[in-house]
Every structure is written in C-alpha cells, then in structure tokens.
Amino acid sequence: MEAWVVATGLIFIYLLATIVIGFVANRRMSDDLEDFLLYGRKAKFVVLYLTVCATYHSAFAFLGSGGFFYTHGIGFWAAGAWTVLVGAITYVLGSRIWALGKNFGYITPADMLADFYESDAVRVVTALVSVLFTILYIQVQAQGLGYILSVASGDRISFQLGTLILLVVAAGYLIAGGLRAVYWTDVIQGAWMYIAVWVGALVLAYELFGGPLELWKRVAAERPDLLTLPGPEGFFTPGMWFGMVIVLSFGIVFQPHLIIRYYTAASAKTIKWLGATTPIYLMTLFIPAALVGLGGALVMPDIEVADRIFPEMLFEYAPAWLTGIILAGATAAAMSTLDSILHSNMTVLTRDIYQRYMVTDADQRHYILVGRLIVVALLAVGYVLSVGTFEFLVVLVTLSGAGALQLMPAMLGVLFPSRRLTTKAGVLAGIAASMVALYATLVAWPHPLGLHGGVWGLLANFAATILVSRFTAPPTDATVERIHGAIERFVYEGDPA
Amino acid sequence: MEPVRSHYVPRTAAGRLAVGAFLGLFAFTQPPLVFWLANRTDPWIAGVPFLYAYLFVIYVGLIGILLWARGKNL
C-alpha cells in the first residue's frame with residue numbers, strides 16, 4: 001500500500017475517534033451553561049494536565065519548532081525557559097485565578113477584571129483583546145492542519161480542503177459536547193502527540209545517524225553555526241531571547257483558553273500540581289524537536305518551507321505506517337489547540353457580549369444554542385483567514401502572544417494585593433498605549449533595538465497603567481476588600497471559598 | 001477597611017527561599033548570563049554540546065524547585 005494512503009487513512013481514523021468522543025460527551029452533557037462552558041468546574045489532575053499541555057503545544061510545537069531549530073539552530077532551546085516559566089506562572093497566578101473563579105463564579109477573564117475594576121469598558125476591552133488576538137491563533141492551527149493533511153496525502157488533498165475538513169471536525173465535536181468533548185479529545189491528543197514526536201524523532205535519528213549522540217556530533221562537524229548563539233541568521237540576539245521567553249510564557253497563559261482551564265480545576269491542589277509538573281511535558285517535547293530540526297538541516301538542507309521539515313523527513317526516511325501515526329499526532333497537536341481557542345472565543349462572546357449586553361435573561365439552553373452558533377461563525381472566520389494568507393507559523397504565534405500579554409498589568413492588579421491599587425482608567429490607558437506600541441514595534445518597525453515588540457508593548461503598558469492609576473479613582477473599598485480579601489485568605493489561610 | 005498586605009514579597013521563609021531560588025536560577029537561562037557563560041559547544045557533556053546541556057540542567061533544577069514548593073505546600 002502506498003505511503004500516502006496509509007498516512008491519510010490513519011489521520012482519518014484519528015478524526016473519526018474524536019467525532020465519536022464528541023458524541024459520547026454530548027450524551028453526558030446537561031443543559032447547564034457552566035457544564036457546557038466550564039466542564040462543571042470539576043476537572044481532575046490527569047485530564048487537566050493533558051488538556052493544558054495539549055492546548056499549550058500546538059501545530060507550532062510540532063511543525064514550527066522543528067523548522068526553527070532547522071533555520072536558527074540551538075537558540076530555540078530557549079523554549080525550555082518559557083515552558084518552565086509557564087509552570088511557575090500556573091503555580092502562582094493560576095491558583096489565584098482558580099480561587100477567584102471558585103469564589104465569585106467567573107467564567108471568562110473579563111468576568112474577573114470587570115468585577116475588580118467595576119467597569120463595563122474593561123470587560124469589553126478585555127473581551128476584544130482576548131478574541132482578536134486569539135483569532136490569529138485559529139489561523140495558525142488551521143493552517144498547520146491544512147499543511148499536515150496536504151503533506152500526508154502527497155498534495156492529493158489540497159491545503160484549503162484539508163483546512164476545511166479539520167476545522168469542521170474540531171468545531172463539530174465542540175458543538176456537540178462543549179468543553180467536556182474538548183477535554184476528552186485533548187486527553188487522547190496530548191498523549192498521542194507526545195509519543196508521536198518522540199518516536200518519530202528517535203526513529204529518524206537512529207535511521208539517519210545511528211542515534212541522537214551521533215547526530216549531535218555530525219551537526220558539530222558539518223554545521224557548527226547551528227550550535228551557538230545567535231544562530232546562522234543572527235536571530236537569537238539577547239533581546240529576542242528574552243522577549244520570546246516573556247511573550248510565549250505570560251502571553252500564552254493570559255490567553256482566554258488557558259485562564260478558562262484554570263477556572264475548571266477541581267481544587268487548588270490540582271492547579272498547583274499542574275504548575276509544578278506541566279514543564280516536564282512542555283519542555284521535554286522540544287528535545288525531539290531539536291533532533292528533527294538539526295538533523296534535517298544536515299540531510300535536507302535546501303527544503304523550501306522549514307516548517308515542513310518533520311513530515312518531509314518522515315516521508316523520505318520512515319515507514320509509511322509510522323509516518324501516518326506521527327502525522328496523526330501532528331493533527332492532534334493542532335486540533336487540541338484549535339478546539340480550545342474556538343471554545344474560549346465562543347465562551348467570551350457568549351458570556352461577555354451576548355449574555356451581558358444583548359439578551360440578558362434567557363434560559364441556559366438559549367445561551368448554549370447561541371454559543372454553538374458562534375462556533376459556526378468562528379469556523380467561517382477562521383477558514384477565511386487561514387486560506388487567505390500564509391505566514392511563517394512562529395511569527396503569528398508571537399503576535400498572538402504579544403496581544404494577550406498586554407492583560408498582564410490588569411491581571412497583576414487583581415491577583416497581587418498591594419497598597420498601590422491599579423485603577424480602571426489605568427488599565428484602559430495601559431492597554432491603549434500597548435496597542436499603539438505593538439503596532440509600532442511589531443508591524444511598522446519590527447523589534448527596535450533588537451528587543452521583541454511584545455516587550456516594548458508591555459513596557460508602554462506598565463508605564464501608562466502605573467502613571468494613570470496614580471491620579472485616578474481606584475475600585476471601591478468594598479470591592480477591593482472582597483476580592484483582595486479572598487486572595488489573602490486563599491494564599492495565607494488556605495481558604496478557597 | 002484594613003488594607004491587605006502586599007503579596008509581592010513572600011511572608012514565609014520557605015516562600016522566600018522558593019521564589020529566590022527560582023528567580024536566581026532562572027536568571028542563568030537569560031541574557032546576559034546565558035550569552036556570557038554558556039554560548040559555546042565545549043566541553044561536551046554526556047554527548048551533547050555545552051550550551052544544550054547547561055540549559056537542560058537548569059531547566060531540570062527549576063522544575064525541581066517547583067516540585068519542592070509543592071511538596072512544602074507553598
């Protein structure tokens with residue numbers, strides 16, 4: 001049997017499995033909005049662990065990271081730093097976000113910020129930032145999916161059709177089973193993608209070089225420029241290194257799909273274990289990615305699109321059945337992030353816009369129906385964005401992370417009590433300043449002075465937030481006491497409710 | 001209302017130790033230290049170039065601190 005038939009067939013078997021899971025989840029679902037949007041706030045450790053890891057790592061981890069090692073060399077090992085930082089952020093901030101969600105029934109990031117800052121404007125701006133920047137992420141994942149299916153089928157399935165098929169499947173099981181379906185499929189996807197990357201990289205390393213250590217020796221002998229900073233094209237300057245670590249840690253954690261995951265944990269202990277252990281999965285996934293990228297630079301030095309190095313090597317050097325299994329893992333990586341973003345955007349639009357300002361007193365079934373219709377609309381937007389343009393995956397991820405990163409001053413104002421309070425005017429001024437700075441430093445004059453544009457945005461944001469907060473009215477004493485009091489009790493008295 | 005005390009500085013000795021150790025070790029993964037101390041291939045450690053091994057050891061150490069903090073119920 002031809003390799004493309006096996007590879008494409010295995011991906012479709014995998015897709016069928018996710019559809020079945022979506023329908024099983026649908027049968028377990030009640031007509032409760034919190035069940036549909038938040039898995040009833042009862043996610044236990046294993047499920048939460050795999051959904052967080054699978055959501056964090058996306059098409060970018062599977063395709064983009066190999067491409068990055070291929071082009072820029074060992075500098076991409078900075079990825080370990082940002083994934084370890086994600087663990088620490090989850091431990092410290094994630095547990096506080098969980099405690100406030102549990103106390104006050106928050107469902108979205110905007111719920112939390114609008115409650116503390118007593119501002120509808122903060123709610124709307126947070127919702128807009130959340131949705132606008134993560135729509136870029138839908139595009140990244142959908143493009144990754146289109147790529148994978150196109151490569152697996154030897155271009156017999158077009159990039160556009162592949163994107164459409166996989167978007168429809170992800171949206172389908174989300175519509176059917178809500179966050180429960182997303183979590184259950186993420187469990188399979190998280191396990192599958194991890195095993196697939198490792199197995200694929202090791203098979204290639206032994207097949208082509210006689211093992212990982214031999215591979216490293218060959219890289220040192222033939223491409224020593226890949227083994228030091230800033231890399232062959234001078235990309236990993238100190239400013240880019242630091243900037244990527246900040247943007248791809250805080251910037252990803254502050255995206256709504258990860259904050260919503262913190263709300264869904266069954267207990268504070270679950271969140272803290274999550275923080276302490278997720279870096280093990282997240283960081284070690286880049287070890288095989290390095291083998292793929294660096295090994296690829298030796299055996300396929302002239303590939304046209306660096307992101308395709310992993311699938312191209314598999315087709316060239318691995319058996320067909322293994323290629324199929326691994327590309328199904330790549331599909332899992334992209335779909336697990338895509339479904340989570342579709343879900344979070346649906347949640348934000350349903351909860352923060354529709355339920356808040358358009359139809360405020362309907363029953364729960366009405367909002368679930370509206371949420372499902374919003375998923376269909378997001379699917380259409382995501383598809384148009386995906387097939388309309390194409391950019392290098394990591395650039396899009398970085399832009400997306402840089403946007404969500406701008407919620408950081410507002411989040412810290414809620415989650416870290418201090419004598420100097422952040423105000424709603426400060427938050428709005430900070431976000432406005434950061435959007436201007438992001439445009440200037442990511443689009444108009446990318447990364448001035450070698451420092452990542454996302455960090456320039458954050459600096460402008462903090463400056464404006466702090467300055468304006470000094471001269472404007474803080475939240476009322478009652479609100480500060482209620483919310484910061486809850487944080488104080490949670491952190492120092494162990495009282496989540 | 002009695003103002004809530006700042007949360008930016010941990011109040012327990014174990015908390016200060018965990019935060020200090022994590023941030024101190026993390027600094028070794030960032031510029032300028034990583035560029036000054038580790039931007040080279042020699043000596044090779046366990047069959048991999050120095051920069052790669054250096055960062056790997058620090059990442060494992062950072063995860064160890066997080067696990068220690070969890071074990072201490074911080």
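Small disclaimer: the values here were computed from a predicted structure and weren't measured.

Peer 1: Let's hear about the interface of chain A and chain B: which residues, and what values?
Peer 2: The interface of chain A with chain B comprises 47 residues on the first partner and 37 residues on the second. Of the roughly 3,700 Å² buried where chain A meets chain B, counting both sides, 75% is carbon and sulfur surface. On inspection of chain A and its partner chain B, the count reaches one salt bridge. Across the pair arginine 11 of chain B and glutamate 488 of chain A runs a salt bridge whose closest N-O atoms are separated by 2.7 Å.

Peer 1: Break down the packing of aromatic side chains for me, with residues and values.
Peer 2: In this description, a pair of aromatic rings is defined by centroid distance and the angle of the planes. Per the stated rule, a full pass over the model turns up 27 aromatic pairs over all chains. Plain terms: the ring middles of tryptophan 241 of chain A and phenylalanine 35 of chain B are 6.0 Å apart, the flat faces sit at 75° to each other, and that makes the pair edge-to-face. Placement of the pair is tryptophan 241 of chain A in helix 10 (residues 238–247) and phenylalanine 35 of chain B in helix 2 (residues 33–38), with the two residues belonging to separate chains. Neither residue differs from the other here; tryptophan 241 of chain A and phenylalanine 35 of chain B are each classed as buried. An aromatic cluster is present here, built from Phe68, Phe69, Phe76, Trp82, Phe235, Phe236, Trp241 and Phe286 of chain A together with Phe35 of chain B joined pairwise through their rings. Positioned over the ring face of phenylalanine 104 of chain A is arginine 482 of chain A, at 5.0 Å from the centre of the ring.

Peer 1: Lay out the environment of phenylalanine 69 of chain A in plain terms, naming residues and giving numbers.
Peer 2: Residues and elements named next belong to chain A. Its location among the elements puts phenylalanine 69 in helix 4 (residues 59–72). Residue classification places phenylalanine 69 among the buried residues on the basis of a relative accessible area of 0%. Those residues within four positions of phenylalanine 69 in sequence are excluded, and the remaining contacts are Ile74, Phe76, Trp77, Leu226, Phe286, Ala289, Ala290, Gly293 and Leu294.

Peer 1: Which residues make up a nonpolar patch on the surface, and what are the values?
Peer 2: Residue and element names in this part refer to chain A. On the surface, a cluster of nonpolar side chains totalling about 450 Å² of accessible area is made up of Leu16, Ile19, Val20, Phe23 and Val24. In this fold, valine 24 is placed in helix 1 (residues 3–28). For valine 24, a relative accessible area of 43% translates into the label partly exposed.

Peer 1: So what's going on with unusual backbone geometry? Which residues, and what values?
Peer 2: Omega for the bond connecting leucine 229 of chain A with proline 230 of chain A falls within 30 degrees of zero, at 10°, which places this linkage in the cis form. Relative to the elements of secondary structure, proline 230 of chain A occurs in the loop between helix 9 (212–222) and helix 10. For the peptide bond that leads from aspartate 42 of chain B to proline 43 of chain B, omega is 0°, which places it in the cis range. Here proline 43 of chain B is to be found in the loop between helix 2 and helix 3 (50–71). The phi dihedral of glutamate 118 of chain A is positive, around 50°, even though this residue is not glycine. By the secondary structure assignment, glutamate 118 of chain A is in the loop between helix 6 (109–117) and helix 7 (120–152). The phi torsion at leucine 449 of chain A lies on the positive side, around 55°, for a residue other than glycine.

Peer 1: Could you give me a rundown of the side chain of serine 434 of chain A, with the residues and numbers involved?
Peer 2: Residue and element names in this part refer to chain A. Within the element layout of this structure, serine 434 appears in helix 20 (residues 424–444). Judged by its relative accessible area of 0%, serine 434 is buried. Excluding residues within four positions of it along the chain, serine 434 makes contact with Gln406, Gly457 and Asn461.

Peer 1: Now, about the packing of helix 6 of chain A against helix 19 (residues 408–415) of chain A: what can you tell me, with residues and values included?
Peer 2: All names here are of chain A. Packing of helix 6 against helix 19 brings their axes to within 10 Å, and their N-to-C directions diverge by 65°. Two packed elements cross with a definite hand, and for helix 6 against helix 19 that hand is left-handed. Across the interface between the two elements, Pro109, Met112, Leu113, Phe116 and Tyr117 of helix 6 pack against Pro409, Ala410, Met411, Gly413, Val414 and Leu415 of helix 19. Partitioned by chemical class, the residues of the contact of helix 6 with helix 19 number ten nonpolar, one polar and no charged.

Peer 1: How would you explain the pattern of salt bridges if you had to name every residue and give the values?
Peer 2: Residues and elements named next belong to chain A. Under the defined criterion, the tally for this structure stands at twelve salt bridges over all chains. Here glutamate 34 ties to arginine 41 by a salt bridge, and the two come within 3.3 Å at their closest N and O atoms. The class for glutamate 34 is partly exposed, based on a relative accessible area of 27%. For arginine 41, a relative accessible area of 11% translates into the label buried. As a salt-bridge pair, arginine 218 and glutamate 222 come within 2.5 Å of each other at their nearest N and O atoms. Of this pair, arginine 218 and glutamate 222 both sit in helix 9, separated by four residues, roughly a single helical turn.

Peer 1: Lay out the environment of arginine 223 of chain A in plain terms, naming residues and giving numbers.
Peer 2: Residue and element names in this part refer to chain A. Topologically, arginine 223 is positioned in the loop between helix 9 and helix 10. Exposure remark for arginine 223: the relative accessible area of 24% places this residue in the partly exposed category. When the C-alpha positions of arginine 223 and alanine 297 are compared, they lie 8.2 Å apart, and in sequence the two are 74 residues distant. Leaving out residues up to four positions away in the same chain, arginine 223 has contacts with Arg218, Pro232, Ala297 and Leu298.

Peer 1: Any chance you could break down the nonpolar core for me, citing the residues and the numbers?
Peer 2: Residues and elements named next belong to chain A. Counting residues in hydrophobic clusters, the biggest one holds 199 residues, and the most contacted among them are Phe62, Phe76, Trp77 and Leu415. By residue number, the principal contributor to this core is helix 8 (residues 159–209), which donates 19 residues. In contact with leucine 415, other than residues within four places in its own chain, are Leu93, Arg96, Ile97, Leu100, Met112 and Ile487.

Peer 1: Could you give an account of helix 6 of chain A, with specific residues and numbers?
Peer 2: Because an α-helix packs 3.6 residues into every turn, residues spaced three or four apart end up facing the same way. Residues and elements named next belong to chain A. Counting buried residues in helix 6 gives eight out of nine residues, a clear majority hidden from the surface. Within helix 6, the full set of buried residues consists of Pro109, Ala110, Asp111, Met112, Leu113, Ala114, Phe116 and Tyr117. Just downstream of helix 6 lies glutamate 118, where phi reads positive at about 50°.

Conventions and cut-offs
Residues numbered from 1 in each chain as written. Chains lettered and ligands numbered in written order. Predicted model: local features only at pLDDT ≥ 70, side-chain atom pairs only at ≥ 80, totals over all residues. Heavy atoms only, no water. Contact = heavy atoms within 4.5 Å. Buried area = accessible area lost by both parts, 1.4 Å probe. Salt bridge = Lys/Arg side-chain N within 4 Å of Asp/Glu carboxyl O. Phe/Tyr/Trp six-rings, centres within 6.5 Å; stacked < 30°, edge-to-face > 60°. Helix = DSSP H or I, 4+ residues; strand = E, 2+ residues; numbered from the N terminus. Buried < 20%, exposed > 50% of the residue type's maximum accessible area, 1.4 Å probe, protein only. Lys NZ or Arg CZ within 6 Å of the ring centre and 35° of its normal. Patch = residues over 30% accessible without salt bridge, like charges linked within 9 Å, V, L, I, M, F, W, Y side chains within 5 Å. Areas by Shrake-Rupley, 256 points an atom, 1.4 Å probe, with all protein chains shown as cover. Axes fitted to C-alpha atoms, helices over the stretch in contact; angles between N-to-C directions. Left-handed = near helix turned anticlockwise from the far one by under 90°. Nonpolar A, V, L, I, M, F, W, Y, C, P; charged D, E, K, R; others polar. Core = buried A, V, L, I, M, F, W, Y, C linked by side-chain atoms within 4.5 Å.

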